[in-house]
Amino acid sequence: MKYKLLALDMDGTLLNDEQQITPETEKWIRKAAAAGVHVCLSTGRGYHEAIAYGEQLDLGTPMITVNGSEIWRTPKELHSRVLLDRSLVAGMHAIAQEKKVWFWAYSVEGSYNETNWIPEVLERNQWMKFGYFTKDDEVRQDIKRRLQELGGLEVTNSSPYNLEINPAGISKASGIRTVCDWFGLDLSEAVAVGDSLNDLAAIEAAGLGVAMGNAQEAVKAKADVVTATNNEDGIALIIRDFILTGG
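Treat the numbers as computed from the prediction; the structure is a model and nothing was measured.

Quick notes on the rules
- The numbering scheme is per chain: residues are counted from 1 as the chain's sequence reads.
- Local features in this predicted model are restricted to residues of pLDDT 70 or higher, and side-chain atom pairs are both shown and tallied only at a pLDDT of 80 or more, whereas totals for entire chains, interfaces and linings draw on every residue.
- Where side-chain values are given, they derive from all heavy atoms of the structure, hydrogens and water being excluded.
- When a carboxyl oxygen of Asp or Glu lies within 4 Å of a side-chain nitrogen of Lys or Arg, that pair is called a salt bridge.
- The way it works is that DSSP assigns letters per residue, a run of H or I at least four long becomes a helix, a run of E at least two long becomes a strand, and they are numbered from the N terminus.
- Each residue's exposure class comes from its accessible area (1.4 Å probe, protein chains only) as a fraction of the maximum for that residue type: buried when under 20%, exposed when over 50%, partly exposed otherwise.
- By convention here, the domain bounds are inherited from an automatic or database domain assignment.
- Here, two residues are considered to be in contact whenever any of their heavy atoms come within 4.5 Å of each other.
- For any pair of parts, buried area is found by adding up, for both, the accessible area (1.4 Å probe) each one loses once the two are put together.
- Nitrogen and oxygen atoms within 3.5 Å of one another constitute a polar contact, given that in protein one can donate a hydrogen and the other can accept it, and given that sequence-neighbouring residues count only through two side-chain atoms.
- We call Asp, Glu, Lys and Arg charged. Ala, Val, Leu, Ile, Met, Phe, Trp, Tyr, Cys and Pro are nonpolar, and the rest, Gly among them, are polar.
- Given the number of residues in a helix, its expected span is that number minus one, multiplied by 1.5 Å.
- Any two strands between which DSSP finds at least two bridges are classified as paired.
- Interaxial angle, 0 to 180 degrees, is taken between N-to-C directions of lines fitted to C-alpha atoms, where a helix line uses only the stretch in contact.

## Some details on the pattern of salt bridges
So, point 1. Across all of its chains, the model carries 16 salt bridges by this definition.
So, point 2. A salt bridge links Glu217 to Lys220; its shortest N-O distance comes to 3.6 Å. Separated by 3 residues within a single helix, Glu217 and Lys220 lie in helix 8 (residues 217–222), roughly one turn from each other.
So, point 3. The exposed category is assigned to Glu217, whose relative accessible area is 59%.
So, point 4. Each of the salt bridges in this network shares a partner with another, and the network as a whole consists of Asp9, Lys172 and Asp199.

## Considerations on the domain arrangement of the protein chain
So, point 1. Considered domain by domain, the protein chain is made up of domain 1 (5–81 + 171–243) and domain 2 (86–167).
So, point 2. For domain 1 and domain 2, the distance between their C-alpha centroids amounts to 25 Å.
So, point 3. Taken together, the 13 residues of domain 1 in the interface contact 12 residues of domain 2.
So, point 4. Buried area between domain 1 and domain 2, summed over both chains or domains, comes out near 1,000 Å², and the portion from carbon and sulfur atoms is 50%.
So, point 5. Counting every contact that joins domain 1 to domain 2 gives 0 salt bridges.
So, point 6. The tally of links between domain 1 and domain 2 comes to 12 residue pairs in polar contact (both at pLDDT 80 or more).
So, point 7. Class assignment for the residues of the side of domain 1 that touches domain 2 results in 2 nonpolar, 7 polar and 4 charged.

## Notes on helix 6 (residues 172–183)
So, point 1. Across its 12 residues, helix 6 extends 17 Å between first and last C-alpha, which sits within 8% of the 16 Å expected from 1.5 Å per residue.
So, point 2. Taken as a whole, helix 6 has its buried residues at Lys172, Ala173, Ser174, Gly175, Ile176, Val179 and Cys180.
So, point 3. Residues of helix 6 that are buried make contact with strand 1 (5–8), strand 2 (38–42), strand 3 (63–65), strand 4 (70–74), strand 11 (190–194) and helix 7 (200–205).
So, point 4. N-cap assignment for helix 6: the residue whose side-chain oxygen lies 3.2 Å from the backbone N of Ala173 is Ser171.

## Side note on the sheet that holds strand 8 (residues 127–133)
So, point 1. The strand order across the open sheet formed by 5 strands is 7-6-8-10-9, and the pairing between neighbours is antiparallel. Edge positions in the sheet fall to strand 7 (110–113) and strand 9 (153–156), since each has one partner strand and no second. Each adjacent strand pair in this sheet contributes to an overall mean axis angle of 20°, direction not counted.
So, point 2. Relative to strand 7, strand 6 (residues 102–107) runs antiparallel, the two being bridged by 4 bridges. Pairing of Tyr106 across the sheet is with Ser111, part of strand 7.
So, point 3. Sitting on the sheet, helix 3 (residues 86–99) is in contact with strand 6, strand 8, strand 9 and strand 10 (162–167), with an inclination near 15° to strand 8.
So, point 4. In the packing of helix 5 (residues 137–150) onto the sheet, the strands contacted are strand 8, strand 9 and strand 10, and the crossing angle to strand 10 comes to about 10°.

Below is the structure:
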């Protein structure tokens with residue numbers, strides 16, 4: 001087979017709009033795994049929000065969580081974790097308060113947003129990702145400018161209305177590169193599938209970069225292939241037509 005690693009985003013990609021893996025998609029993922037393809041979840045979600053789906057698919061393969069801030073050698077064995085500097089988290093929280101926008105943050109100790117944030121968690125916790133949500137394009141662009149001024153950050157999104165922030169240099173692409181090294185694979189032997197800007201680096205780096213039919217236009221423009229939507233078994237089609245046929 002030309003492609004030996006399949007890296008799958010979750011929301012908008014592996015999962016349909018009901019947050020489920022369809023039977024058809026599951027069937028083809030299992031076929032790929034049975035044929036020797038390493039199937040790797042690659043998500044912006046935290047570990048505890050992702051692991052149940054890996055278990056549903058009986059995957060014992062590596063996982064990339066929190067947009068690459070965590071890489072799991074197996075679903076139970078953490079390989080690496082990259083943290084945000086607390087001063088940057090403090091700055092991002094201050095921007096959220098100033099702009100009065102919804103925010104969330106992933107830490108090793110748990111996830112937080114404006115409903116459960118207390119000042120003590122800033123110094124107490126180990127932070128991996130920060131995010132904002134607003135449908136106001138002007139406010140979102142202003143926040144993005146402010147983040148660029150802070151420096152030391154990797155800024156992407158998982159929907160047109162949010163911003164997701166990781167430490168500089170951390171992305172799903174960096175995670176996939178690490179996983180490929182473990183298996184002695186070149187990135188050209190990897191397939192990366194996604195729908196949002198946090199998938200873009202991986203889609204550009206992989207041997208086959210796939211955008212879902214529901215992907216943001218900027219992602220479709222950079223992909224090698226655009227498949228069907230997350231509600232139409234787009235992943236199943238890629239496995240059938242590009243991976244198990246040799247590409």
